[in-house]
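Residue-level listing of the chains:
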Amino acid sequence: MSTAPASASGSAHAGPEAGAPAPAGTTKPLAPSFDSVTPVPVAAPAPPPAVRVDGVSKRFGAGPVVLEDVSLDIAPGEFVCLLGASGCGKSTLLNLIAGLDRPTAGRIETPDEGSAVMFQESALMPWLTARRNVELALRLRGVPRGERREKALSLLDAVNLADAAEKRPHELSGGMRQRVALARALAQDRPVLLMDEPFAALDAITRDLLHEELERVWRATGRTIVFVTHNVREAARLGQRVVLMGSRPGRIVQQWQIAKTTGRRIESPEVAALSVEITEQLRKEIRRNAA
Ligand SMILES: Nc1ncnc2c1ncn2[C@@H]1O[C@H](COP(=O)(O)OP(=O)(O)OP(=O)(O)O)[C@@H](O)[C@H]1O
Ligand SMILES: [Mg+2]
């Protein structure tokens, strides 16, 4: 067990019984040389990461190295934004975490229950209503028929889409379709949610609303989220941690941990300040690549 220095007054004792006579049959009082040492509670061991990327490299066939020696531990319930210039390997890394492809070298560990993935395009079944799209995910998960309708409606309600449950995708706006896709991803009930630029095609106002909804869902469900974006502001707005990737080959160049994530908005001064800092690093990376 680790110990801390004695207090200045010398009044700290080792254990509750220090200084008092030990009842018969208990351990003897500590030797005098330990009398002024205060035990420090042993910190609970950190939980194992939800996602572990360990020394991962990726190359497609005989092409250039796309990812080089990427290592990243993501804690359960953490919200990580993967940020980098176009082509730096963000989607490649996300696909590897999703198990859609295999690394050339290194290891990836994810929960046994797997991950739900959400892409830029909602990829909804066009002939099914919003509710039935969500019900399909529930059916694939093995949820009994009698429970699916109610569960799907409650998931659509969670993304503020209860009123559009009986509409088909072509009757919905882009933002509404992405909400259905989010409800469908949540319906899979996986501990890890992987999102590849899910809001990139949306206008700024809709994106802003969806940021709020995603944050609310994240706080309510405790999901581990890996969110890929090339939008610096979006990363600074959403992430608990922002991981900046460099290009050719793709690798992690810098990370930012955000201490206070509550109450952030896209226009918050702290989001703006962090964006400036990240953009500066991103520009350096882009210049380095162009040289
Ligand atoms: N299946 C593949 N076969 C060959 N090369 C690929 C394959 N998938 C990706 N690449 C290459 O890997 C590199 C990284 O691509 P990736 O899609 O991961 O980038 P990205 O960071 O997601 O970019 P963007 O922001 O534009 O989506 C690119 O040079 C791309 O051409
Ligand atoms: Mg991509």
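In what follows, the structure referred to is the one given above.
Keep in mind that this is a model prediction, so the values were computed, not measured.

Rules of the game
- Residues numbered from 1 in each chain as written.
- Chains lettered and ligands numbered in written order.
- Predicted model: local features only at pLDDT ≥ 70, side-chain atom pairs only at ≥ 80, totals over all residues.
- Pairing = 2+ DSSP bridges.
- Helix = DSSP H or I, 4+ residues; strand = E, 2+ residues; numbered from the N terminus.
- Axes fitted to C-alpha atoms, helices over the stretch in contact; angles between N-to-C directions.
- Near = placed C-beta within 6 Å.
- Nonpolar A, V, L, I, M, F, W, Y, C, P; charged D, E, K, R; others polar.
- Contact = placed C-beta atoms within 7 Å.
- Left-handed = near helix turned anticlockwise from the far one by under 90°.

S.K.: What am I meant to see in the sheet that holds strand S8 (residues 192-196) here?
M.R.: Strand pairing within a sheet occurs via backbone hydrogen bonds; the two strands may be parallel or antiparallel. One open sheet accounts for six strands, arranged S7-S8-S9-S5-S10-S11; its pairing is mixed. Each of the sheet's edge strands pairs with one partner strand only, and the pair in question is strand S7 (115-118) and strand S11 (251-257). Between one strand axis and the next, the sheet turns through 20° on average, direction left out of account. Alignment of strand S10 (residues 241-246) against S11, held across six bridges, turns out to be antiparallel. Counterpart to Val 243 in the pairing with S11 is Gln 255.

S.K.: Can you walk me through the site of ligand 1 in this structure?
M.R.: Neighbouring ligand 1 are Phe 60, Gly 63, Val 66, Gly 84, Ser 86, Gly 87, Cys 88, Gly 89, Lys 90, Ser 91, Thr 92 and His 230. The element best represented in the shell around ligand 1 is helix H1 (residues 90-98), accounting for three residues. Here the residues of the shell around ligand 1 are counted per class, giving three nonpolar, eight polar and one charged.

S.K.: What exactly am I supposed to notice about the sheet that holds strand S3 (residues 51-59) here?
M.R.: Sheet architecture is open: three strands sit in the order S4-S3-S6, paired in antiparallel fashion. Looking at strand neighbours, the two that pair on one side only are strand S4 (65-74) and strand S6 (105-109), the edges of this open sheet. Averaged over all neighbouring strand pairs, the angle between strand axes comes to 15°, with direction disregarded. By the bridge criterion, six bridges tie S3 to S4 in an arrangement that is antiparallel. For Val 56, the partnering residue across the bridge sits in S4 and is Val 70. This element, H1, spans S3, S4 and S6 of the sheet and lies at about 125° to S3.

S.K.: Would you take a moment to explain the environment of Arg 132 for this structure?
M.R.: By the secondary structure assignment, Arg 132 is in helix H2 (residues 130-140). Counting along the chain gives 20 residues from Arg 132 to Ala 152, while the straight-line C-alpha distance between them is 7.8 Å.

S.K.: Whenever I open this one, unusual backbone geometry confuses me. Can you help?
M.R.: Trans peptide bonds make up the majority, and among non-glycine residues the majority have a negative phi. The omega angle of the peptide bond from Arg 248 to Pro 249 is -5°, so this bond is cis rather than trans. Its location among the elements puts Pro 249 in the loop between S10 and S11. A positive phi is found at Asn 160, a non-glycine position, where the angle reads about 60°. Within the secondary structure, Asn 160 is located in the loop between helix H3 (145-158) and helix H4 (174-187).

S.K.: Looking at this structure, how should I read the packing of H2 against H3?
M.R.: To characterise two packed helices, one gives the angle between the axes of the helices and the distance between these axes. Where H2 contacts H3, the axes come no closer than 9 Å and their chain directions differ by 115°. For the element pair H2 and H3, the recorded crossing hand is right-handed. Taken together, the residues of H3 that come into contact with H2 (itself represented by Ala 130, Arg 131, Val 134, Glu 135, Leu 138 and Arg 139) are Arg 148, Arg 149, Lys 151, Ala 152, Leu 153, Leu 155 and Leu 156.

Function cannot be read off these values alone, since they describe shape.
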